[in-house]
Amino acid sequence: MKYVSTRGQAPALGFEDTLLGGLAPDGGLYFPESWPQISAEQLASWRTASYADIAKQVMAPFVAGAIDTATFEAMVDETYASFTHKAVAPLKQLDEKVWFMELFHGPTLAFKDYALQLVGRMFDHVLAKRGQRLTVVGATSGDTGSAAIAACAGLENVDITILFPKGRVSPVQQRQMTTVDADNVRCIALEGTFDDCQDRVKDMFNDAAFRAEVGLGAVNSINWGRVMAQIVYYAVAAARLAAADRPIDISVPTGNYGNVLAGYCAKRMGLPIARLGVATNRNDILTRFLEQADMSIRPVETSLAPSMDIQISSNFERYLFEVMDRDGAAVDQVMREFRSSGKLTLAQGVWELCHGDFSAYRLDDVGILSEIKRVMLETGEVLDPHSIVSVSQAQNDARFENPVVAMGTAHPAKFPDAVQKAVGLRPGLPAHMSELFERPERYDVMANDLNALQDFVRANRRA
Ligand SMILES: *Cc1c(COP(=O)(O)O)cnc(C)c1O
């Protein structure tokens, strides 16, 4: 499979270069040149297949020509064998129409594990093959750092340093990063805010000499490997609940659009998915766009669902590329104008297509709390402040005409304060993580000083 840029001005790449590269040189994002098709027979044959077996078949065409089949299948088996539920992504029925897919049975209790655990292994494999090493540096406000660390811990050819704002991440989030015992992992508690962390990481990436010296890389949400691996659980949902002539709808708690985009890719691959729900918190740029054709940037506000506190959803560009008939030049023009004016303006008819594919939904903090309580009283399920947004949409959005799968993106124990506020009880960690607060922590406290941070990253590379 070859991958093309959404801005149409960069050469097509193979899977390996797409995996390791970030933005295309023309500023676009890589996307598969064509959509492999999943037949009705194939879908039917997956009804009782394991997650790993479905994963191998869904992803095979995307890695074809880059990673050989036996190696890839072994990686997939190893990845999902470490998840703590036998079904990997189990479905729970909440009412006559709505199923909840739990995507929090990986090492950090959030859906990002489902892709990152595999992407880390693929990185290591491709780097080894090429005799290269990578230094991953990232900033986190809590959630994404632990998933990146869990993905990279123990890899031979990758070192990782994560910056988090000192005293501003929750104790569970901090310990999920600082108690990982691997010699290629470093955590820095920066004396500053999350924005400071992010700015210093950006500075490092903008320092070309430093970037080359340490082989700086990222595993961020624009990485095609992540989107690819996320397609799998949409296929699993369809395999369990749908058939070629009996589609399902799906609602997804959305921030950077990476997860719901994978659902759209699944649909393009022929899976019987009718409508996709884009469920947002008070940072509702996508909801405003899909309801009123208004995509104008407002300041990001903090909410009870912090992993969705995003205004510019970077993966949206990939969807635009599709819906604009893969006209890279037109995408380039629209995106440039969006960046400069803060407003997205589309050609006649394009918004109507977006409105047809997706249904939008929003819950502010008050809604998040009251819906967590309602769903607990009605179903007994205690949901986290991200997952509740999709469940609420699944139960309330009249545009869903089929059985709906609501994606559960985090375990409630990751956000105990919000859950306690909603229902008055504190969700416990799953048994396999109960010793999190006994393990020793390992991190360095550092000042907000670029030179010192760069020295730290240099000194902690293993090569
Ligand atoms: C990252 C994240 C999201 C948002 O996913 P996107 O792919 O950025 O849309 C939602 N919920 C949780 C718990 C997350 O960690």
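None of the values given here were measured: they were computed from a predicted structure.

### Things to note about the environment of Arg 226
Next up, step 1: As for its position among the elements, Arg 226 is in helix α10 (residues 224-241).
Next up, step 2: Since its relative accessible area comes to 7%, Arg 226 is described here as buried.
Next up, step 3: Note: C-alpha distance between Arg 226 and Gly 258 (32 residues apart in sequence) is 8.1 Å.
Next up, step 4: When residues no more than four places from it in sequence are discounted, the contact partners of Arg 226 are Lys 112, Ala 115, Leu 116, Val 119, Val 219, Asn 220 and Ser 221.
Next up, step 5: Within the structure, the side chain of Arg 226 is placed 3.5 Å from the backbone oxygen of Asn 220, a separation counted as a polar contact.

### What about the environment of Val 457?
Next up, step 1: Within the secondary structure, Val 457 is located in helix α19 (residues 450-459).
Next up, step 2: Accessibility expressed as a relative area gives 2% for Val 457, which makes it buried.
Next up, step 3: Expressed as a C-alpha distance, the spacing of Val 457 and Arg 186, which sit 271 residues apart in the sequence, is 8.7 Å.
Next up, step 4: Each residue touching Val 457, except ones within four places of it in the same chain, is listed here: Thr 135, Val 137, Thr 161, Met 204 and Phe 210.

### Examining the site of the ligand
Next up, step 1: Contacts to the ligand come from 15 residues, most closely from Lys 112, Asp 143, Gly 255, Asn 256 and Thr 409.
Next up, step 2: A distance of 2.5 Å is found between an oxygen atom of the ligand and a side-chain nitrogen or oxygen belonging to Lys 112.
Next up, step 3: In this structure, Thr 409 approaches the ligand through a side-chain N or O atom, which is 2.9 Å from a nitrogen atom.
Next up, step 4: Bound to the protein, the ligand loses 97% of the 380 Å² it would expose on its own.
Next up, step 5: Partitioning the shell around the ligand into residue classes produces 5 nonpolar, 8 polar and 2 charged.

### A look at the packing of aromatic side chains
To describe a pair of aromatic rings, one takes the distance between the centres and the angle between the planes.
Next up, step 1: A complete count under the given rule lists 20 aromatic pairs for this structure.
Next up, step 2: The interplanar angle of 85° and the centroid separation of 5.4 Å between the aromatic rings of Phe 289 and Phe 316 together place this pair among those described as edge-to-face. Of the two residues, Phe 289 is situated in helix α12 (residues 285-292) and Phe 316 in helix α13 (residues 316-323); the sequence distance between them amounts to 27 residues.
Next up, step 3: Take Phe 316: its relative accessible area is 6%, and that puts it in the buried class.
Next up, step 4: Through a chain of ring-to-ring contacts, three or more aromatic side chains come together here, namely Tyr 3, Phe 15, Phe 31, Trp 35, Phe 62 and Trp 224.

### Things to note about the packing of helix α8 (residues 194-206) against α19
Next up, step 1: Here α8 crosses α19 at 70°, and the two axes come no closer than 10 Å. Viewed along their axes, α8 and α19 adopt a mutual orientation that is roughly perpendicular. For the pair α8 and α19, the crossing hand works out as right-handed. Within the contact between the two elements, α8 uses Arg 200, Asp 203 and Met 204 and α19 uses Leu 450, Leu 453, Gln 454 and Val 457.
Next up, step 2: Here the residues of the contact of α8 with α19 sort into 4 nonpolar, 1 polar and 2 charged.

### Let's talk about empty space enclosed by the protein
Next up, step 1: In total, this model carries 2 cavities of 30 Å³ or more according to the counting rule given.
Next up, step 2: Approximately 50 Å³ is the volume attributed to the largest cavity.
Next up, step 3: Thr 135, Asp 159, Ile 160, Thr 161, Asp 183, Asn 184, Val 185, Arg 186, Val 457 and Asn 460 are the residues that line the largest cavity.
Next up, step 4: Elements with a contribution of two residues or more to the lining of the largest cavity: β6 (158-165) and β7 (185-190).

Thresholds, definitions, all that
- Along each chain, residues carry numbers from 1 onward, in the same order as the chain's sequence is written.
- Reporting of local features is limited, given that this is a predicted model, to residues whose pLDDT is at least 70; pairs of side-chain atoms are given and counted only at 80 or more, and all residues count toward the totals for whole chains, interfaces and linings.
- Heavy atoms throughout the structure, all of them, feed into the side-chain values; hydrogens and water do not.
- By definition, any uninterrupted DSSP run of H or I lasting at least four residues is a helix, any uninterrupted run of E lasting at least two residues is a strand, and each is numbered from the N terminus.
- Using a 1.4 Å probe on the protein chains alone, a residue whose accessible area is under 20% of its type maximum counts as buried, one over 50% counts as exposed, and one in between counts as partly exposed.
- Residues are treated as being in contact if the distance between any of their heavy atoms lies within 4.5 Å.
- Polar contacts, as counted here, are pairs of nitrogen or oxygen atoms within 3.5 Å of one another; within protein the pair requires one atom able to donate a hydrogen and one able to accept it, and residues that are adjacent in sequence qualify only if both atoms are side-chain atoms.
- Whether a residue is near a molecule or strand depends on its heavy atoms: if one lies within 4 Å, it is near.
- Methods summary: accessible areas were calculated by the Shrake-Rupley approach with a probe of 1.4 Å, and residue burial reflects only the protein chains presented.
- Residue polarity follows a fixed list, in which Ala, Val, Leu, Ile, Met, Phe, Trp, Tyr, Cys and Pro are nonpolar, Asp, Glu, Lys and Arg are charged, and the others, Gly among them, are polar.
- Pairing of aromatic rings covers Phe, Tyr and Trp, the last counted by its six-membered ring, and requires centre-to-centre distances within 6.5 Å; plane angles under 30 degrees mean stacked, over 60 mean edge-to-face, and any other angle means tilted.
- To obtain an axis, a line is fitted to C-alpha atoms, over the contacting stretch when the element is a helix, and the angle between two such axes runs from 0 to 180 degrees between their N-to-C directions.
- Here the word oblique covers every angle except those under 35 degrees (roughly parallel), over 145 (roughly antiparallel) and from 65 to 115 (roughly perpendicular).
- By definition, turning the near helix anticlockwise from the far helix through less than a right angle yields a left-handed crossing, and turning it clockwise yields a right-handed one.
- In this analysis, the protein atoms alone were mapped onto a 1 Å grid. Cavities are point sets where a 1.4 Å probe fits without being able to get out; pockets are open sets with protein on both sides within 12 Å along at least five of seven lines; lining residues have an atom within 4 Å of a point.
- Grid points are joined across faces, edges and corners, and a volume is the space filled by probe spheres set on the points.

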